[in-house]
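# Examining the three-dimensional arrangement
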Amino acid sequence: MAEVLAIVDVTTATDIEWDREFDSSRSSTFFQSRAWAEAWREHEPGRWSLKPMSVRFSDGAHAIVPLSSVRTRIGTRVCHSSPAATFGGWLSREALTPTHGGLLAQYLASSCGDLVWRLSPYDPSQQGLDIGETEPDYTHAVELESDFDVVERRWSKGHRSAARKSIRSELDFREADSLEDWRRYFGVYQVSLERWGESVSSRYDWSLFEAIRDHAGSHARLWLAELDGDVVAGALCFYAAAHVAYWHGASTRTAAALSPTNGLLRRIIEDACAEGH
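Let me begin by describing the structure that accompanies this report.

Conventions adopted
Each chain has its residues counted from 1, running along the sequence as written. Two thresholds apply to this predicted model, a pLDDT of at least 70 for residue-level local features and 80 or more for giving and counting side-chain atom pairs, whereas whole-chain, interface and lining totals are computed over all residues. Hydrogens and water molecules were not included; the side-chain quantities draw on all heavy atoms of the structure. Strands here are runs of E lasting at least two residues and helices are runs of H or I lasting at least four, both read from the DSSP assignment and numbered beginning at the N terminus. Throughout, a residue-residue contact means that at least one pair of heavy atoms, one from each residue, lies within 4.5 Å. Areas reported here follow the Shrake-Rupley algorithm with a probe of radius 1.4 Å; residue values treat only the protein chains shown as occluding. In this tally, Asp and Glu contribute negative charge and Lys and Arg positive charge; neither His nor the terminal groups of the chain are included. Lysine's charge is taken at NZ, arginine's at CZ, aspartate's at CG and glutamate's at CD. Side-chain rings of Phe, Tyr and Trp, where Trp is taken by its six-membered ring, are said to pair if the distance between their centres is within 6.5 Å; with planes under 30 degrees apart they count as stacked, over 60 as edge-to-face, and otherwise as tilted. Per-residue accessibility, obtained with a 1.4 Å probe over protein chains only, is compared with the maximum for each type, and a residue is labelled buried under 20%, exposed over 50%, and partly exposed between these values. Distance and chemistry together define a polar contact, namely a pair of N or O atoms within 3.5 Å, with one atom able to donate a hydrogen and the other to accept it when in protein, and with adjacent residues in sequence counting only for side-chain atoms on both sides. Working convention: axes come from line fits to C-alpha atoms, limited for helices to the stretch in contact. Angles between N-to-C directions cover 0 to 180 degrees. Here is the rule for angles: anything less than 35 degrees is roughly parallel, anything more than 145 is roughly antiparallel, 65 through 115 is roughly perpendicular, and the remaining ranges are oblique. A helix is expected to span 1.5 Å for every residue after the first. Grid points spaced at 1 Å over the protein atoms alone were grouped into cavities, where a 1.4 Å probe fits but cannot get out, and pockets, open sets with protein on both sides within 12 Å along at least five of seven lines, with lining residues defined by an atom within 4 Å of a point. Grid points are joined across faces, edges and corners, and a volume is the space filled by probe spheres set on the points. Throughout this entry, Asp, Glu, Lys and Arg are counted as charged residues, while Ala, Val, Leu, Ile, Met, Phe, Trp, Tyr, Cys and Pro are counted as nonpolar. The remaining residues, Gly among them, count as polar. Salt bridges are defined by distance alone: a side-chain nitrogen of Lys or Arg within 4 Å of a carboxyl oxygen of Asp or Glu.

### A word on the overall build of the protein chain
When its secondary structure is counted, the protein chain shows eight helices and 11 strands. Dimensions of the protein chain along its principal axes, counting C-alpha atoms only, are 70 × 45 × 35 Å. In the protein chain, of all internal contacts separated by at least 6 residues, the share reaching a separation of at least 24 is 67%. Surface accessibility of the protein chain: about 14,400 Å² in total, with carbon and sulfur atoms responsible for 48%. Between the mean site of the 29 positive side-chain charges and the mean site of the 40 negative ones, the protein chain shows a separation of 4 Å.

See the structure below:
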């Protein structure tokens, strides 16, 4: 008779365990990393408590479950699978099955009380879970190939044209390599906020960008488009083993005719293909 799969041990995950599983998991996103959680804890001191779990199964499989407890404005606490309602779930260097995922979901539901969890579409073990009432959502994703030309051919004619026009222009594209670069980008973001006005869905302080830079290392890369030495657009991307997230972007109107964002994203995608993401 086959043994029934079960969770046999749950302990607090160490920093080393969390980092190791994040780096090893092919289904991970940066939002499940310790760096992302640490950045938010530093950005909002006193609100966030990190509660990562190390879970072992009866078949020998192992998973790390990133988890944070957040103090609300009325003093209660809510569990977040990942800060800012980004992709959450668990991390494992092994390919967990939907049965593993179901057990983890049941454990979270029974032990966390109020839980904010955005299911990751990149983890097969998170698909089809019976976790009660949920809200449908969507994300936009580009499937990467080692050959960038294959990826580019899938784009519309208009997108290809705008990106190539931008690349051929007098714009320079590069990765930020100093704190001053990050500050210059934040200045562009401030200009963008003024232009967007009340329609903007979120506003982030400099302290969050600084915390991300301090904690994420090479997993957070800020890309810049410059015209005559001035930053006219930027994109902050987060990198995991097989996933790249375009999390934040801003631009000025200075070089709008040159489509700097189109050229910047083309450069980012081409780089991600070359690196094997």
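Read on, since the account is not over.
### Looking at the packing of aromatic side chains
Aromatic ring pairs: the centre-centre distance and the angle between the two ring planes describe each pair. Evaluated as defined, the whole model comprises 22 aromatic pairs. Aromatic pair tryptophan 36 and tryptophan 40: ring centres 5.8 Å apart, planes at 80°, arrangement edge-to-face. Here tryptophan 40 and tryptophan 36 lie together in helix α2 (residues 34–43), a separation of four residues that amounts to about one turn. Judged on exposure class, the residue tryptophan 36 and its partner tryptophan 40 are both buried.

### What about the side chain of glutamine 126?
On the secondary structure map, glutamine 126 appears in the loop between β7 (115–116) and α4 (148–152). Judged by relative accessible area, which is 1%, glutamine 126 ranks as buried.

### A few points about unusual backbone geometry
In this structure, alanine 85 takes a positive phi of about 55° despite not being glycine. For alanine 85, the position within the fold is in the loop between β6 (77–80) and α3 (98–112). Using a relative accessible area of 26% as the deciding quantity, one classes alanine 85 as partly exposed. Positive phi is not limited to glycine here, since serine 259 has a value of about 50°.

### Description of the environment of aspartate 123
You can see aspartate 123 is positioned in the loop between β7 and α4. The spatial distance from the C-alpha of aspartate 123 to the C-alpha of proline 98 is 9.7 Å, given a sequence separation of 25 residues. The contact partners of aspartate 123, leaving out residues within four places of it in the chain, are Ser27 and Trp90. A distance of 3.3 Å separates polar atoms of two side chains, one belonging to aspartate 123 and the other to tryptophan 90.

### Considering the environment of leucine 264
With respect to the helices and strands, leucine 264 occurs in helix α8 (residues 260–275). When the C-alpha atoms of leucine 264 and serine 166 are compared, they prove to be 8.2 Å apart, with 98 residues separating the residues in sequence. For leucine 264, the residues in contact, after removing those within four places along its chain, are Phe173, Trp223, Leu224, Ala225, Ala233, Gly234 and Ala235.

### Considering the packing of helix α5 (residues 157–168) against α8
Interaxial distance between α5 and α8 falls to 7 Å at its minimum, and their mutual angle equals 90°. Overall, the two elements α5 and α8 adopt an arrangement that is roughly perpendicular. Here α5 contributes His159, Ala162, Ala163, Arg164, Ser166 and Ile167 to the contact with α8, which in turn contributes Pro260, Asn262, Gly263 and Arg266.

### A closer look at α8
For α8, built from 16 residues, the straight-helix expectation of 22 Å at 1.5 Å per residue is met to within 8% by its first-to-last C-alpha distance of 23 Å. Within α8 the residues assigned to the buried category are Pro260, Gly263, Leu264, Arg266, Ile268, Ile269, Asp271, Ala272 and Cys273. Tucked into the core, α8 has its buried residues touching α4, α5, β8 (172–175), β9 (220–227), β10 (230–239) and β11 (244–251). Once α8 ends, the next one or two residues include glycine 276, with phi positive near 85°.

### Quick notes on empty space enclosed by the protein
In total, this model carries one cavity of 30 Å³ or more according to the counting rule given. Taken together, Gly234, Ala235, Tyr246, Gly249, Ala250, Thr261, Leu264 and Leu265 make up the lining of the largest cavity. Mapped by element, the contributors of at least two residues to the lining of the largest cavity are β10, β11 and α8. Of the residues in the lining of the largest cavity, the class split is five nonpolar, three polar and no charged.

### Brief notes about the pattern of salt bridges
Inspection of every chain in the model, using the stated rule, returns 19 salt bridges. For aspartate 271, the salt bridge is made with arginine 221, and the minimal N-O distance between the two is 3.0 Å. Taken together, the residues span a long stretch of sequence, with aspartate 271 in helix α8 and arginine 221 in strand β9 at a distance of 50 residues. The exposure class assigned to aspartate 271 is buried, which follows from its relative accessible area of 18%. A salt bridge links arginine 266 to glutamate 270; the nearest nitrogen and oxygen atoms lie 3.6 Å apart. In this pair, arginine 266 and glutamate 270 both sit in helix α8, four residues apart, roughly one turn of the helix. By sharing partners, the salt bridges in this structure join Asp15, Asp19, Arg34, Glu38 and Arg41 into a single network.

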